[in-house]
Amino acid sequence: MKYALVNPQWTFEGSTYFGCREPHVPLELLSAREMLRAAGHHVLLIDANMEELAPADVRSKLEAFGEDFLVIPTAPSYLFWRCPQPELRVPKVWIGSLARESKVVLIGPHGSATPHATMMKTGADVVLRGEPDQTLPQLSSVPWEMVPGCCWRDEEGRFRVSEGLGTTDMKAVTMLDYSDYPVERHTHLHHVFAGNGADHLKLGAEVEFARGCPYSCTFCNKTLFRNQFRERDLSQVLQEIDQLIARGVDYVYFIDEIFGVGKQVRVLLEEIAKRPLAIGFQTRIDLWNEESLELLGRAHCVSFECGIESITHEGREEFNKHCRFTTETIESTLLTARKHIPWVQANLIGTTHDDPAEVARFQRTLKAAGVWVSEPVPLFPFPGSPQYVQTFGAQPDEGAWERAHQFYLQLFGDRGFSDIQDQQPRSLAELECAL
Ligand code: SF4
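To start, this report covers the structure provided alongside it. What you see is a predicted model; the values in this text were computed from it and never measured. (Residues numbered from 1 in each chain as written. Predicted model: local features only at pLDDT ≥ 70, side-chain atom pairs only at ≥ 80, totals over all residues. Heavy atoms only, no water.)

Turning our eyes to something else, we now look at the pattern of salt bridges. A full pass over the atoms with the stated rule returns 34 salt bridges. The shortest N-O distance in the salt bridge between E208 and R226 comes to 2.8 Å. Of this pair, E208 sits in the loop between β8 (204-207) and β9 (210-211) while R226 sits in the loop between β9 and β10 (230-231), and the two are 18 residues apart along the sequence. R226 matches E208 in its accessibility class, with the two residues each being buried. With a shortest N-O distance of 3.2 Å, R266 and E291 are connected by a salt bridge. Within this pair, whereas R266 is found in helix α9 (residues 265-273), its partner E291 is found in helix α10 (residues 290-298), the two being separated by 25 residues in sequence. Connected through shared salt-bridge partners, R82, E131, D133, E208, R211, R226, R230 and E257 make up one network. (Salt bridge = Lys/Arg side-chain N within 4 Å of Asp/Glu carboxyl O. Helix = DSSP H or I, 4+ residues; strand = E, 2+ residues; numbered from the N terminus. Buried < 20%, exposed > 50% of the residue type's maximum accessible area, 1.4 Å probe, protein only.)

Structure (structure tokens):
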């Protein structure tokens, strides 16, 4: 069978999307390509976002290839599946513009939470819930009732959903093949800020070392995918890194939910320390100590971002953070991290447990020592996160994304959007009517 995997050109105009808007490697498509190839399928991977291709450019490539399945993600890269844009404008526009006869398969966070609404909004033929790496090949070899997380319309037009969710065996994710990928176009260095010790770096990439997280913070949108913690085979990851270095990459951002948990992470860092490569990632501060932070320095870590969430134990418990550290230890460990790493960031979420004056003191103290601390931001109750159910008292339904979006906009009602939004966001209905 022939599978075309297309990363569309993303636009977030009018969106509440707060993730990075630069192009990133579509790791979900590269990973699926390896699984599809191993199963004997022909694959065409087109990163229209990185290559700045319009739908007409992609359509002519598809016509030459003649795919049986056209696969499109609903969010830009695995890196942002946990914080996607709420609207489905881009997949809808691309499905309509490509106008293919093949089976259109959507993967991503929207269909994982609300598959029927995702199918109705976009006109896709199939929606795969969960991680699609290993369920995509099954679409052409297994009855769809047997494919975990498969949603489709049968011959009578009835909406069908198979049991379960796609969950990938990460030991099966071998070295991703970049031989025909435009690595050189990826000049963006994710989460690297000018003037903060990394201005010498030129070419970035993203790598996945481990997927999932053993914690269960209420706001974290990972329960339907990237949930259970799993490491890849270290030798495969190192081969992938060496392949990227050979192409000129000097900075890798690990997209892992929580870098630093796994059994192999120290070995990985020792290996990176021997290579001409800088790294960045998101983590939890309570995974690190003086010795491991020194190792991070040797491994050329230039970007270290932690979700602290709250400056009080009560606030952290409200989010089910289960942080092992007291606030004093969090503070001192951030300061130690800053001795070894040029960019250390601590993120806060708005909670009534935190006294604004104490938050200001926490920010002042750390910023004076070179640690960047965010303003406490409101939460988007993503459908699929525990926070959604806590907020609305029910599982996500057909209107879940609209409800969450409306709630999020109201949180900003009195504050304006200027602190994290650069424009007045539009309603989902307005954004999704864009075709
Ligand atoms: S530690 Fe991070 S990745 Fe893990 S559940 Fe909490 S927010 Fe999500």
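After that view, the rundown keeps rolling.
With that settled, consider empty space enclosed by the protein. Scanning all chains against the criterion turns up 1 cavity of 30 Å³ or more. When its volume is computed, the largest cavity comes out at roughly 40 Å³. If you go around the largest cavity, the residues you meet are R284, I285, D286, G307, I308, K321, C323 and I330. Here the residues of the lining of the largest cavity are counted per class, giving 4 nonpolar, 1 polar and 3 charged. (1 Å grid on protein atoms, 1.4 Å probe; cavity = no way out; pocket = protein on both sides within 12 Å on 5 of 7 lines; lining within 4 Å. Points joined across faces, edges and corners; volume = space filled by probe spheres on them. Nonpolar A, V, L, I, M, F, W, Y, C, P; charged D, E, K, R; others polar.)

Under the counting rule described, the total for this entry stands at 24 aromatic pairs. Pairing F12 with Y17 gives two aromatic rings, centres 4.1 Å apart and planes at 20°, and the pair type is stacked. By relative accessible area, which is 2% here, Y17 ends up buried. When the ring of F380 is compared with that of F382, the centres are 4.6 Å apart and the planes differ by 35°; the resulting orientation is tilted. (Phe/Tyr/Trp six-rings, centres within 6.5 Å; stacked < 30°, edge-to-face > 60°.)

Turning our eyes to something else, we now look at the site of the ligand. Taken together, the neighbourhood of the ligand is formed by R82, C213, Y215, S216, C217, F219, C220, K222, E257, I258 and R284. Split into classes, the residues belonging to the shell around the ligand amount to 6 nonpolar, 1 polar and 4 charged. (Near = heavy atom within 4 Å.)

Right, let's talk about the side chain of E240 for a bit. By secondary structure assignment, the location of E240 is in helix α8 (residues 234-246). Residue classification places E240 among the buried residues on the basis of a relative accessible area of 0%. Ignoring any residue separated from it by four or fewer positions in sequence, one finds E240 in contact with T174, M175, L176, Y178, V207 and R232. (Contact = heavy atoms within 4.5 Å.)

Here we take up the side chain of N49. Relative to the assigned elements, N49 resides in helix α2 (residues 48-51). The class of N49 is buried, set by a relative accessible area of 11%. Polar side-chain contacts of N49 include one of 3.0 Å to the backbone nitrogen of W10. Not counting residues up to four positions away in its chain, the partners in contact with N49 are N7, P8, Q9, W10 and P23. (Polar contact = N/O pair within 3.5 Å; in protein donor to acceptor, adjacent residues only side chain to side chain.)

It is worth spelling out the pairing of strand β13 (residues 301-309) at this point. Of all 9 residues that make up β13, 9 are buried, and the element is covered over most of its length. Where strand β12 (residues 278-283) and β13 come together, 5 bridges link them in parallel fashion. In the strand pairing of β13, G280 is matched with S303. Between the parallel pair β12 and β13, the chain is carried across by α10, and the sense of this crossover is right-handed. As judged from the 5 bridges shared by β13 and strand β14 (residues 344-348), these two strands associate in the parallel manner. Each residue of the ladder has a partner; that of E309, found in β14, is L348. (Pairing = 2+ DSSP bridges. Right-handed = clockwise from strand over helix to strand, strands pointing away.)

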